[in-house]
Amino acid sequence: MCGIVGVTGNDNAVKILVEGLQKLEYRGYDSAGIYVNDQKGNDYLVKTKGRISQLREKITPDVHGSTGIGHTRWATHGVVSVDNAHPHFSNDDRFYLVHNGVIDNFQEIKAQYLSDVPFKSQTDTEVVVQLIDKFAVEDHLDAKAAFLKALGLLEGSYAFLLMDREQPDTLFVAKNKSPLLIGVADGFNVVCSDAMAMLRETHDFLEIMDGEVVTVTPDTVHIQDAAGKTVERKPYHVDMNADETDKGTYPFYMLKEVDEQPNVMRKLAQTYLSEHGEPQIDDKLIKAMQAADRLYIVGAGTSYHAGLIGKRLFERLAHIPTEVHVSSELAYEQPMLSDKPFFIFLTQSGETADSREVLVNVNDAGYPSLTITNVQNSTLSREASYTLLLHAGPEIAVASTKAYTAQIALEAILAKALGEVNGQIIAQNFNVRQQLGLVATGMQAIVDEKATIEALANDYLMKSPKAFYIGRGIDHAVSLEAALKLKEISYVQAEGFASGELKHGTIALIEDGTPVIGFITQAKTAGLTRSNLQETMARGANTMTIARQGLAIEGDNLVLPDVDEMLMPLLSVVPAQLLAYYTSLNKGLDVDKPRNLAKSVTVE
Ligand code: F6R
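Residues numbered from 1 in each chain as written. Predicted model: local features only at pLDDT ≥ 70, side-chain atom pairs only at ≥ 80, totals over all residues. Heavy atoms only, no water.

Just checking my understanding: could you explain the pairing of strand S22 (residues 493-498) for this structure?
Where a strand is regular, its side chains alternate between the two sheet faces. Taken together, the six bridges between strand S21 (residues 466-471) and S22 define a ladder with parallel strand orientation. What sits directly across from Ile-470, in S22, is Phe-497. Chirality of the crossover, the property in question, places the unit of S21, helix H17 (residues 474-490) and S22 among those that are right-handed. (Pairing = 2+ DSSP bridges. Helix = DSSP H or I, 4+ residues; strand = E, 2+ residues; numbered from the N terminus. Right-handed = clockwise from strand over helix to strand, strands pointing away.)

What is the right way to read helix H15 (residues 432-447) from this model?
An α-helical segment advances 3.6 residues per turn. Residues three or four places apart therefore align on the same side. For H15, built from 16 residues, the straight-helix expectation of 22 Å at 1.5 Å per residue is met to within 8% by its first-to-last C-alpha distance of 22 Å. Within H15, burial applies to Val-432, Gln-435, Leu-436, Val-439, Ala-440, Gly-442, Met-443, Ile-446 and Val-447. Next to the buried residues of H15 lie helix H6 (253-259), helix H7 (261-272), helix H13 (402-421), helix H16 (450-461), strand S25 (558-560) and helix H19 (568-586). (Expected span 1.5 Å × (residues − 1). Buried < 20%, exposed > 50% of the residue type's maximum accessible area, 1.4 Å probe, protein only. Contact = heavy atoms within 4.5 Å.)

What is the right way to read the sheet that holds strand S14 (residues 230-231) from this model?
As a general point, the strands of a sheet are linked pairwise by backbone hydrogen bonds and lie either parallel or antiparallel. Across the sheet, seven strands lie side by side as S5-S6-S7-S8-S12-S13-S14; this open sheet has antiparallel pairing. Either end of the sheet is taken by a strand with one partner, and the two such strands are strand S5 (88-89) and S14. On the sheet, helix H4 (residues 124-138) packs against S5, strand S6 (95-103) and strand S7 (156-164) and is oriented at approximately 130° with respect to S6. (Axes fitted to C-alpha atoms, helices over the stretch in contact; angles between N-to-C directions.)

I'm lost on the site of the ligand in this one. Help?
Every one of the 14 residues lining the ligand counts as a neighbour, but Ser-303, Thr-347, Ser-349, Thr-352 and Glu-488 are closest to it. With respect to the ligand, the backbone of Val-398 contributes an N or O atom lying 3.3 Å from an oxygen atom. One of the backbone N or O atoms of Ser-400 is found 2.9 Å from an oxygen atom in the ligand. Protein burial of the ligand: of its 410 Å² of free accessible surface, 90% is covered by the chains. Looking at the shell around the ligand, the elements that each hand over two or more residues are helix H9 (301-318) and H17. Ranked by residues supplied to the shell around the ligand, first place goes to H9 with three residues. In terms of residue class, the shell around the ligand is built from four nonpolar, eight polar and two charged. (Near = heavy atom within 4 Å. Polar contact = N/O pair within 3.5 Å; in protein donor to acceptor, adjacent residues only side chain to side chain. Areas by Shrake-Rupley, 256 points an atom, 1.4 Å probe, with all protein chains shown as cover. Nonpolar A, V, L, I, M, F, W, Y, C, P; charged D, E, K, R; others polar.)

When you look at the packing of H16 against H19 in this model, what are you seeing that I'm missing?
Helix-helix packing: each pair is described by the crossing angle between the helix axes and the interaxial distance. Put simply, H16 and H19 touch, their axes get as near as 8 Å, and they point 65° apart. At the point where H16 passes H19, the crossing takes the right-handed sense. Judged by residue contacts, Lys-450, Ile-453, Glu-454, Leu-456, Ala-457, Asn-458 and Leu-461 of H16 engage Pro-575, Leu-578, Leu-579, Tyr-582, Thr-583 and Asn-586 from H19. In terms of residue class, the contact of H16 with H19 is built from eight nonpolar, three polar and two charged. (Left-handed = near helix turned anticlockwise from the far one by under 90°.)

Looking at this structure, how should I read H7?
Here H7 contains 12 residues, and its C-alpha end-to-end distance of 16 Å stays within 8% of the 16 Å for a straight helix at 1.5 Å per residue. Among the residues making up H7, those that are buried are Gln-261, Pro-262, Val-264, Met-265, Leu-268, Ala-269 and Tyr-272. Taken around the axis of H7, the buried residues stretch over an arc of 165°, which confines them to a single face. The exposed set on the far side of H7, more than 90 degrees from its buried face, consists of Asn-263 and Gln-270. Those residues of H7 hidden inside the fold are in contact with H6, strand S20 (386-389), H13, H15 and H19. (Arc of directions from axis to C-beta.)

I'm lost on the environment of Asn-91 in this one. Help?
Within the fold, Asn-91 resides in the loop between S5 and S6. Between the alpha carbons of Asn-91 and Val-128 there is a distance of 12 Å; along the sequence they are 37 residues apart. With sequence-adjacent residues up to four places away left out, Asn-91 is seen in contact with Val-117, Pro-118, Lys-120, Glu-126 and Gln-130. Among the polar contacts listed, one links the side chain of Asn-91 to the side chain of Lys-120, at a separation of 2.8 Å.

Looking at this model, I keep getting lost on the pairing of strand S13 (residues 221-224). Mind explaining?
Bridging between strand S12 (residues 213-216) and S13 involves four bridges; their strand directions are antiparallel. Looking at the pairing, Val-216 lines up with Val-221 of S13. Hairpin geometry of S12 and S13 is characterised by an intervening segment of four residues between the two adjacent antiparallel strands. Sheet topology note: the S13/S14 ladder contains two bridges and is antiparallel. Looking at the pairing, Gln-224 lines up with Thr-230 of S14.

Looking at this structure, I do not really get the packing of H4 against helix H5 (residues 143-151). What am I missing?
It is the contact of H4 with H5, at a shortest axis distance of 8 Å, that shows an interaxial angle of 125°. On the basis of their axis angle, the class for H4 and H5 is oblique. H5 is crossed by H4, and the crossing has right-handed handedness. Only Ala-146, Phe-147, Lys-149 and Ala-150 of H5 make contact with H4, whose side of the interface consists of Leu-131, Ile-132, Phe-135 and Ala-136. Residues that form the contact of H4 with H5 fall into these classes: seven nonpolar, no polar and one charged. (Parallel < 35°, antiparallel > 145°, perpendicular 65-115°, else oblique.)

Please clarify how the environment of Thr-202 should be interpreted in this entry.
Mapped onto the elements of the fold, Thr-202 is located in the loop between strand S10 (189-192) and strand S11 (204-207). Taking relative accessible area as the criterion, Thr-202 reaches 6% and is therefore assigned buried. With 36 residues separating them in the primary sequence, Thr-202 and Val-238 have C-alpha atoms 8.8 Å apart. Apart from residues lying up to four places away in sequence, Thr-202 is in contact with Gly-183, Val-184, Ala-185 and Val-190. Only 2.9 Å separates the side chain of Thr-202 from the backbone nitrogen of Asp-204, close enough to count as a polar contact.

Help me understand the packing of aromatic side chains in this model?
One pair of aromatic rings is described through two measures. These are the centre distance and the angle between the planes. This model, assessed by the stated rule, comprises 11 aromatic pairs. An angle of 15° between the planes, with centres 4.8 Å apart, marks the rings of Tyr-158 and Phe-160 as stacked. In this structure Phe-160 comes out as buried when scored by relative accessible area, which is 0%. Members of the aromatic cluster, connected to one another through ring pairs, are Tyr-296, Phe-343, Phe-345 and Tyr-367. Note that Lys-149 overlies the ring of Phe-135, its terminal NZ or CZ placed 4.4 Å from the centroid. Sitting above the plane of the Tyr-491 ring, Arg-595 keeps its charged end 3.8 Å from the centroid. (Phe/Tyr/Trp six-rings, centres within 6.5 Å; stacked < 30°, edge-to-face > 60°. Lys NZ or Arg CZ within 6 Å of the ring centre and 35° of its normal.)

Spelled out as structure tokens, the structure:
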């Protein structure tokens, strides 16, 4: 949440900052700003409400500099306004600060240290910049010493980029819990929340650890640990093409990412399976999982939904009891754990604060863990015992699509690997490589049916303020994800429901024309779900049926290709993604950046 960028030593600082912010807009998009300094006594602050496009409009041709910082905001403290937009600055105009995170004790600091200071904004960030200035002025400290003194008082999460007009070529950088990277470029340096923002400038990035303070000039990067010692660290290479982060000819990233899913399935099969289908997964990881008596899958939102499918895969293929937990709940209310738990973190971004909070507890207790993520070197990947990458390519639309299917496919591969070493016949007979091939072909067939799905979205969802997705078992798990997709981008109040449970209360909400969409992909429950759909139809519902071919009957609205029933979620979710997409598109909404949301949720 919130994206921050910085650059030092490049006369194109304004362009680099604004293009970087554009790439980070997925992290927050209610207001934005930059501060640049040209080292010759000229500096500029430009802030706006709204998107980066509005920031561009406000940047006049005279705004220039070689060092600067920028921010795109997802409001936490204070309404969306120019005053609350970053960068924030001290009252004497000396210090400029951008911040991603939340300072939990900013009210206490304000009362204790800054009671006589007038504030321009309602943000926690302004408190920090005024505090740094106070220490610099009253204690005669240089910028770094004042920054360190202020950091020592802060509780909460932060990634900070600080500039001092008295040292205008230097960026002062610190982080705790929120992500931040230094990019080492040719003759200059950059800082960013996500490598994606700076791929046009460099592919070589340095990680920063919590508690470190970094001083960045055009030709030096000095990292100091919490004890004040200098840290030597080599950059790592990010092997991603800058073009991968563009949407090409697509109107929205979401559609591009839905379309990429067949290739993501193939890529996962190539990466984690031999030509003959044997899993190629780190032996140590498999042994650690084998030693466990129970798996605990942890995730938020869509990743949690992928965990619900993973539970079925691990229990059926590997015969190991598996629980799935919403991370924000598990962080503060731990159930009774088994003797030998193993934790699996599902997180596209690898930065979700709720999930990270659980991982911190898991590490404190000394339990082994695995992070399944799309982002190399992300916080949860670094901090877990093991990592498996999703290789899905950057996911930029706020609504997650290909990360969900990649998570399920990778869970299937892992469950197969574990099941085989556990001697489970069902795992030995499960040809996951062949199945993922069928899934890829099936996904392609579904995305080729866009016109049909758009027509269904128009007929069923455009005019209704509410909708239900229903199913049983695995189909219920998919219905939760289908409902989340629809509500987050089209603002239709959607609920995913266990179809048998409807009659126990919720059926009271069905009225004339209420859309009820049923998933029928599991032989055991197909008849029951059909009856439940009939029950809603008898009460006026406008029912739509999405069935797999082997279970389809005349009149079903969408028929999906058959793959192993355990992997049917990989296909049944695709029409749901497209139904949500077209409902949002045809309502004229911003599909990729729905209201109130941001992609990487780095606050709890
Ligand atoms: C919904 C969506 C969110 C994320 C959730 C967790 O489309 O994208 O529900 O799934 O915020 O994010 P990650 O997977 O990055 O931990």
